[in-house]
Every structure is written in structure tokens, then in C-alpha cells.
Amino acid sequence: MPEQPHNGATLSEEQTFALVNLATSLLPVRREPIVRGVSNEVYRVLTAQGAQYIVRICQKPEVSFAQQAWVHQQCQHQNIPVSEIAYMAQIAVGEQFLPVMVQRALPGRPLSAVIATVSEARLAAIFFQVGNLLRRLHTIEVEGFYRRESDGS
């Protein structure tokens, strides 16, 4: 039987809110789980001020949040829209330490949620924009391939 992601929350709503408050000084008011992957436990958190943040708890650290933060930084240098990373840490969860990341949610909706309502012309324009972003993404230089180590190799 395939593994089921997110069988039970690692962090309580109170702990998730505390992370967002620590990262942003804003008052969290609502938490919604996002269950789409298997490597992270993920929540969208809405604040009283109307800002939205994504809280990610790494369950399988094959790709560390430090590696992802490096990619975010490189994307920002290429003017590729990426979310702002507000906070990264290792937190105690039970008897283990898990990496967490708090990111400001990007505006907009997933294409999969609106594709049925988008005209062919608009869809072509969207794919053209995506192609341009991918072109810029592929200009980012990395040393070698596979996992990026903390020394940059």
C-alpha cells in the first residue's frame, strides 16, 4: 500500500500560529492544510492583517530548506517570482528536530484551478510567460548536478 502523506499533524494549530507570529509579528487567525506532496507537512495560514503565509514542516529531508533557500535567492537575482522566505529553523517536535520554513504566499490561483475558464489565446500567453521564466531559471549556474551541498558544491 502506498504511503499516505500527512497522517496526522506534526504541529498543532497553536504551534503553527506561533511560528507565523515569530516570523512576521502578525496575528494568525486561520490554518488550512495543503496536502499535495509527501515530503512536507504544509499549511496556509491567514493573518488578521490579511496576509497569507505557507508553513512547511520537512518530514523527509532529501532536499533541505537551505538548498531551497539558495534556489529562491538565485531566482530573485534573475527576477523570477518566488515567495519571500520569512523564517527557517529546526524545531523540536516530540523527540526529534524537524526543519520548518515560513514563506509569504504568492498571489494568484493555481492554473489547474482556472484552466477550464481560460481562453486559448490567454492560455498561449500564459505558457509563453512560463517559458520565459523557465529560460531565465535555466541560466542559473550550479556546480555539478544532484544535491547542492552546504559548501556550494
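Above this text you will find the structure in question.
Nothing here was measured: the structure is a model prediction, and the numbers come from that model.

Parameters at a glance
- Residues numbered from 1 in each chain as written.
- Predicted model: local features only at pLDDT ≥ 70, side-chain atom pairs only at ≥ 80, totals over all residues.
- Heavy atoms only, no water.
- Helix = DSSP H or I, 4+ residues; strand = E, 2+ residues; numbered from the N terminus.
- Buried < 20%, exposed > 50% of the residue type's maximum accessible area, 1.4 Å probe, protein only.
- Contact = heavy atoms within 4.5 Å.
- Areas by Shrake-Rupley, 256 points an atom, 1.4 Å probe, with all protein chains shown as cover.
- Pairing = 2+ DSSP bridges.
- Axes fitted to C-alpha atoms, helices over the stretch in contact; angles between N-to-C directions.

> Break down the overall build of the chain for me, citing the residues and quoting the values.
When its secondary structure is counted, the chain shows four helices and five strands. Scanning the chain from its N terminus toward the C terminus, one meets helices and strands in the order α-β-β-β-α-β-β-α-α. Burial analysis of the chain (153 residues in total) assigns 31% to the buried set. Of the contacts made within the chain by residues no fewer than 6 positions apart, 45% connect residues no fewer than 24 positions apart. For the chain, the computed accessible surface area is about 10300 Å², with 54% contributed by carbon and sulfur atoms.

> Which residues make up the sheet that holds strand β1 (residues 28–34), and what are the values?
Ordered in space as β1-β2-β3-β5-β4, the five strands form an open sheet in which the pairing is antiparallel. Each having just a single partner strand, β1 and β4 (85–93) make up the two edges of the open sheet. For this sheet the average axis-to-axis angle between neighbouring strands, irrespective of direction, equals 25°. Taken together, the six bridges between β1 and strand β2 (residues 40–47) define a ladder with antiparallel strand orientation. From the neighbouring strand, I34 faces β2, where its bridge partner is V42. The strands that helix α1 (residues 13–24) touches are β1, β2, β3 (52–58), β4 and β5 (96–104); relative to β1, the one it contacts most, it runs at about 115°.

> Give a detailed account of the environment of C58, specifying residues and quantitative values.
Mapping C58 onto the fold places it in strand β3. Residues C58 and V100, spaced 42 residues apart in sequence, show a C-alpha to C-alpha distance of 6.2 Å. Sequence-distant contacts of C58, defined by excluding residues within four places in its chain, comprise S39, N40, F65, L98 and P99.

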